[in-house]
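Letter by letter, the chains look like this.
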Amino acid sequence: KSKELRRFIQDFNPDIIWLDGSPLILMNRLNNYIANLLKNKPVVTFLMDDVYTYKSCPNLNNRIFKFFLRKHVRKTVLRAAHVFVSSLKMKEEYDHIFNINSTFLTKSIAVENLKLSIKDNSKPTRLIYLGNVLIGRLETLAEISQAIKRINSSNIQITLDIYTGDAISKKQRECFNVKGVTLHGLVPYNEVPALIKNSDVQVFVESLEGTKSKIARLSFSTKIIDYLTSGKCILAVGSPELAPIEYFKNEDAALVATNKTEIPNVLLQLIDSEIVNGYAKKAMDCGIRNHERNKLDNQLISILESIVK
């Protein structure tokens with residue numbers, strides 16, 4: 001709250017104020033401070049995580065912190081001329097809580113660059129996971145690996161390659177000592193496209209149960225858009241309460257397992273090339289239907305222009 005900040009804001013004299021919704025109290029206080037400096041200017045805010053409900057709190061400390069965070073978030077939302085949210089599940093909940101009509105906003109895609117990947121009938125079906133294995137994702141990957149172990153008991157029909165930079169203990173690695181499953185370290189970003197190209201199915205995982213499954217329940221990673229536009233079939237495994245899993249299931253854009261007992265049956269479907277190719281097309285169709293760049297750009301610009309007017 002310096003004189004330099006006040007001077008910059010007043011000199012810039014914006015037509016509209018864009019405030020990123022933050023899970024930090026400090027940033028929310030700063031958001032509201034800036035909004036108060038320019039009381040005659042319209043505000044929009046973009047909420048990317050569950051910064052308001054207690055459902056995403058894994059323990060008492062988080063609930064206490066959320067208690068103090070909520071009043072700052074509510075102040076911003078009620079001040080805003082429009083609210084953007086990062087998932088359809090968040091829109092449903094926050095529209096009801098705040099009596100608003102928010103807009104689902106996420107990364108967009110250039111449809112002219114899309115290309116469908118077709119799997120031939122050769123075996124095995126190659127699965128790939130790239131990313132962190134935190135907040136319950138490692139446990140979900142372990143469940144998938146154990147299901148693959150049973151499927152590959154006589155011959156290898158499915159392989160799973162996991163690429164992550166996160167530390168995995170010796171004890172945790174025992175769950176992945178499975179024929180067809182390989183743990184890799186972090187790879188350079190420029191090597192990722194080639195790895196995906198050589199796979200048949202991209203794996204998206206979240207926590208299946210427990211408090212960890214609630215932490216990211218309303219979040220919608222930009223990785224999801226990358227999955228939808230990869231031209232590959234998607235396997236999504238996680239709690240049905242999580243926004244991405246709900247999205248994949250409602251859009252029929254992925255083969256989805258929402259509990260441990262569903263995993264083997266879903267994996268068995270991936271042995272069928274026709275199913276793999278069918279869901280690769282469904283994923284791409286979902287991306288075109290919901291995330292086409294020109295449509296989303298025009299929607300965003302239209303909302304901002306109408307607010308300024």
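Below, the structure is looked at part by part. (Residues numbered from 1 in each chain as written. Predicted model: local features only at pLDDT ≥ 70, side-chain atom pairs only at ≥ 80, totals over all residues. Heavy atoms only, no water.)

Re the packing of aromatic side chains
Turning to step 1, where the next piece is worked out: Tallying each qualifying case throughout the model produces 11 aromatic pairs.
Turning to step 2, where the next piece is worked out: On the numbers, 6.3 Å between centres and 65° between planes, the contact of Trp-18 with Phe-46 is edge-to-face. With Trp-18 in strand β1 (residues 17-21) and Phe-46 in strand β2 (residues 43-47), this pair connects stretches of sequence that are 28 residues apart.
Turning to step 3, where the next piece is worked out: Phe-46 gets classed as buried once you look at its relative accessible area, which sits at 14%.
Turning to step 4, where the next piece is worked out: Relative to Phe-248, the ring of Phe-204 has its centre 5.5 Å away and its plane inclined at 65°; by these criteria the two rings are edge-to-face. Taken as a pair, Phe-204 in strand β8 (residues 201-205) and Phe-248 in helix α10 (residues 243-251) lie far apart in primary sequence, 44 residues in all.
Turning to step 5, where the next piece is worked out: Overall, the relative accessible area of 5% leaves Phe-204 in the buried class.
Turning to step 6, where the next piece is worked out: Among the aromatic residues, those joined into a cluster by ring pairs are Trp-18, Phe-46 and Phe-84.
Turning to step 7, where the next piece is worked out: Directly above the ring of Tyr-54 sits Arg-63, whose terminal nitrogen or CZ lies 4.6 Å from the centroid.
Turning to step 8, where the next piece is worked out: Here the guanidinium or amino end of Lys-282 rests over the ring plane of Tyr-279, the centre of that ring lying 4.4 Å away. (Phe/Tyr/Trp six-rings, centres within 6.5 Å; stacked < 30°, edge-to-face > 60°. Helix = DSSP H or I, 4+ residues; strand = E, 2+ residues; numbered from the N terminus. Buried < 20%, exposed > 50% of the residue type's maximum accessible area, 1.4 Å probe, protein only. Lys NZ or Arg CZ within 6 Å of the ring centre and 35° of its normal.)

A closer look at unusual backbone geometry
Turning to step 1, where the next piece is worked out: Here the phi dihedral of Asn-13 falls at roughly 50°; this positive angle occurs in a residue that is not glycine.
Turning to step 2, where the next piece is worked out: One non-glycine residue, Asp-252, adopts positive backbone phi at about 50°.
Turning to step 3, where the next piece is worked out: Among the secondary structure elements, Asp-252 is positioned in the loop between α10 and β10 (255-257).
Turning to step 4, where the next piece is worked out: Assessed through its relative accessible area of 29%, Asp-252 is described here as partly exposed.

Quick notes on the nonpolar core
Turning to step 1, where the next piece is worked out: Core analysis: the largest hydrophobic core is formed by 55 residues, its most contacted members being Ile-144, Leu-228, Phe-248 and Leu-267.
Turning to step 2, where the next piece is worked out: Top element by residues in this core is helix α5 (residues 137-151). It accounts for seven residues.
Turning to step 3, where the next piece is worked out: Residues contacting Phe-248, with those up to four places away along its chain left out, are Phe-204, Ile-224, Leu-228, Ile-234, Ala-236, Ala-253, Ala-254 and Val-256.
Turning to step 4, where the next piece is worked out: Grouped together as the second largest cluster of nonpolar side chains are 21 residues, Ile-34, Ala-35, Leu-38 and Val-85 included. (Core = buried A, V, L, I, M, F, W, Y, C linked by side-chain atoms within 4.5 Å. Contact = heavy atoms within 4.5 Å.)

Considering a nonpolar patch on the surface
Turning to step 1, where the next piece is worked out: A cluster of nonpolar side chains, Leu-60, Ile-64, Phe-67 and Phe-68, forms an exposed patch at the surface whose accessible area comes to about 430 Å².
Turning to step 2, where the next piece is worked out: On the secondary structure map, Phe-68 appears in helix α3 (residues 60-79).
Turning to step 3, where the next piece is worked out: Given a relative accessible area of 43%, Phe-68 falls into the partly exposed group. (Patch = residues over 30% accessible without salt bridge, like charges linked within 9 Å, V, L, I, M, F, W, Y side chains within 5 Å. Areas by Shrake-Rupley, 256 points an atom, 1.4 Å probe, with all protein chains shown as cover. Salt bridge = Lys/Arg side-chain N within 4 Å of Asp/Glu carboxyl O.)

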